[in-house]
Amino acid sequence: MASRRLWPALAAPGVAWLLLLFLVPFYAIAAVAFGGTDPLFNAPLPEWNPLHWQFGTMSEVISRATTGDLRPVFVRTFFYVAAAMALCYLIGYPVAYYVARLAGRRRGLLLALILAPWWINYLMRMLAWVNLLQDDGYVNDALLRLHLIPNPVHWLSGNQYSVVLGLAYGYVPFFIVPLYVTLDRIDGRLLEASRDLGHGMVRTFLHVTLPLSRQGLLTAVVITALPMFGDYYTNNMLSGSPTTTMVGNEIEFYLLGSSQKEVGAALVLVLSGLMLALMAYYLVSTHRASRQVS
């Protein structure tokens, strides 16, 4: 009887934390998105009763996101996230694989170096990129000395490559850590058996390592992509141009710089719906994988 009460008691603080800091604010956003507008002060009027919710603003935002002026923003956001994820894969997978195959103190040292960026505020790291990418910064200086460019590149003036590189740099540790955990659990004897059967390093990777790391790779993608979709600091600091605006920037504008708070709240719900679809796919895939193992 005591054990039955112990686990609910231990879970109670976490459940209360989730209710207070996630579900309640999320419901408040929905109340603003589906509420009305004060005609005198042009301020949002949250509607807390779901029976009285109005869906006009949400319909307008969905229409703008699919066929209107917000469609390029959503397409651009997905493109930036996909490009940044590709960079994270090209950088993160070899690093995670190499660290997973190491032993002793070198592994701990490399893991500490991978986690070191988390000890520094994200904004401070982006400010470092601003210094590097200025017209007279070290990046242009190095490229000019190597004669790779004739004139300094304006990296911080609406350059989409700067935004993609900034996203990849900012979130690649989120990609490496869960992938490292999965690769570290792969039994080395399986790799040796593959080589004993005549498979080279490439075929062993494609037919053994990569399939066995699929769930870790999917976890890394989800953990990394979710914050990327809502990111707006990176674009603000490394571009600040309307030509590179992401969905997070539109949400920031409508919630902080416009009187149409309900539009910003509706955008939050639309983006959350897309993220929930990605999370649902991850959970279903994980459940299927666990059933296959068992």
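A quick note: this is a predicted structure, and the numbers were derived from the prediction, not measured. (Residues numbered from 1 in each chain as written. Predicted model: local features only at pLDDT ≥ 70, side-chain atom pairs only at ≥ 80, totals over all residues. Heavy atoms only, no water.)

So, about the overall build of the chain. In terms of helices and strands, the chain carries 13 helices and two strands. In terms of its C-alpha atoms, the chain occupies a principal-axis envelope of roughly 75 × 75 × 35 Å. Going through the 294 residues of the chain one by one, you find that 37% of them count as buried. Long-range pairs, those at least 24 residues apart, make up 67% of the contacts in the chain between residues at least 6 apart in sequence. Surface summary for the chain: the accessible area is close to 17,600 Å², and the carbon and sulfur share equals 68%. Each charge class in the chain can be summarised by its mean position, and for the 19 positive and 15 negative side chains these summaries are 16 Å apart. (Helix = DSSP H or I, 4+ residues; strand = E, 2+ residues; numbered from the N terminus. Buried < 20%, exposed > 50% of the residue type's maximum accessible area, 1.4 Å probe, protein only. Contact = heavy atoms within 4.5 Å. Areas by Shrake-Rupley, 256 points an atom, 1.4 Å probe, with all protein chains shown as cover. Lys, Arg positive; Asp, Glu negative; His and termini not counted. Charge placed at Lys NZ, Arg CZ, Asp CG, Glu CD.)

All of the buried residues in helix α2 (residues 56-66) are Thr 57, Met 58, Val 61, Arg 64 and Ala 65. Projected down its long axis, α2 shows its buried positions confined to an angular sector of 130°, all on one face. (Arc of directions from axis to C-beta.)

Bringing the pattern of salt bridges into the picture now. Using the criterion set out here, one finds four salt bridges in the structure. The closest approach of N and O atoms between Asp 184 and Arg 107, which form a salt bridge, is 3.0 Å. You can see Asp 184 sitting in helix α7 (residues 160-185) and its partner Arg 107 sitting in helix α4 (residues 105-115), a full 77 residues away along the chain. (Salt bridge = Lys/Arg side-chain N within 4 Å of Asp/Glu carboxyl O.)

A word on the layout of surface pockets. Rolled over the atoms, a probe with the dimensions of a water molecule shows which regions are left empty. When its volume is computed, the largest pocket comes out at roughly 490 Å³. In terms of lining residues, the largest pocket is bounded by 17 residues, among which Phe 26, Val 268, Leu 271, Ser 272 and Met 275 are the most central. When residues of the lining of the largest pocket are traced back to their parent elements, those giving at least two are α1 (2-33), α12 (247-256) and α13 (261-293). At six residues, the largest contribution of residues to the lining of the largest pocket is made by α13. In terms of residue class, the lining of the largest pocket is built from 13 nonpolar, three polar and one charged. (1 Å grid on protein atoms, 1.4 Å probe; cavity = no way out; pocket = protein on both sides within 12 Å on 5 of 7 lines; lining within 4 Å. Points joined across faces, edges and corners; volume = space filled by probe spheres on them. Nonpolar A, V, L, I, M, F, W, Y, C, P; charged D, E, K, R; others polar.)

What follows deals with the environment of Met 246. The topology assignment puts Met 246 in the loop between α11 (233-238) and α12. In sequence terms Met 246 and Met 228 are 18 residues apart; their C-alpha atoms lie 10.0 Å from each other. Setting aside residues no more than four positions away along its own chain, Met 246 makes contact with Val 73, Thr 77, Tyr 80, Val 163, Leu 167, Met 228, Asp 231 and Asn 235.

Time to look at the side chain of Arg 125. By the element assignment, Arg 125 lies in helix α5 (residues 122-133). Among buried charged residues, Arg 125 stands out as having no salt bridge; its nearest opposite-charge side chain is Asp 231, 9.0 Å away. Of note is the side chain of Arg 125, whose polar atom sits 3.2 Å from the backbone oxygen of Pro 117. (Polar contact = N/O pair within 3.5 Å; in protein donor to acceptor, adjacent residues only side chain to side chain.)

Let us look at the packing of aromatic side chains. A ring pair, where both rings are aromatic, is described by two values, the distance of the centres and the angle of the planes. Scanning all chains against the criterion turns up 15 aromatic pairs. Chaining the aromatic ring pairs together yields one cluster made of Tyr 27, Phe 34, Trp 48, Trp 53 and Phe 55. (Phe/Tyr/Trp six-rings, centres within 6.5 Å; stacked < 30°, edge-to-face > 60°.)

Notably, His 147 is not glycine yet its phi reads approximately 60°, a positive angle. The residue His 147 is located in the loop between α6 (138-145) and α7 in this model.

By size, the foremost hydrophobic cluster in this structure holds 59 residues, and its most contacted members are Phe 74, Leu 167, Phe 175, Leu 179, Leu 183, Met 228 and Leu 267. Of all the elements in the fold, those that place two or more residues in this core are α1, α2, α3 (71-101), α5, α7, α10 (214-229), α12 and α13. Those residues in contact with Leu 179 that lie beyond four places of it in its chain are Gly 92, Tyr 93, Ala 96, Ser 213, Gly 216, Leu 217 and Ala 220. (Core = buried A, V, L, I, M, F, W, Y, C linked by side-chain atoms within 4.5 Å.)

Read these as geometric descriptors, not functional statements.
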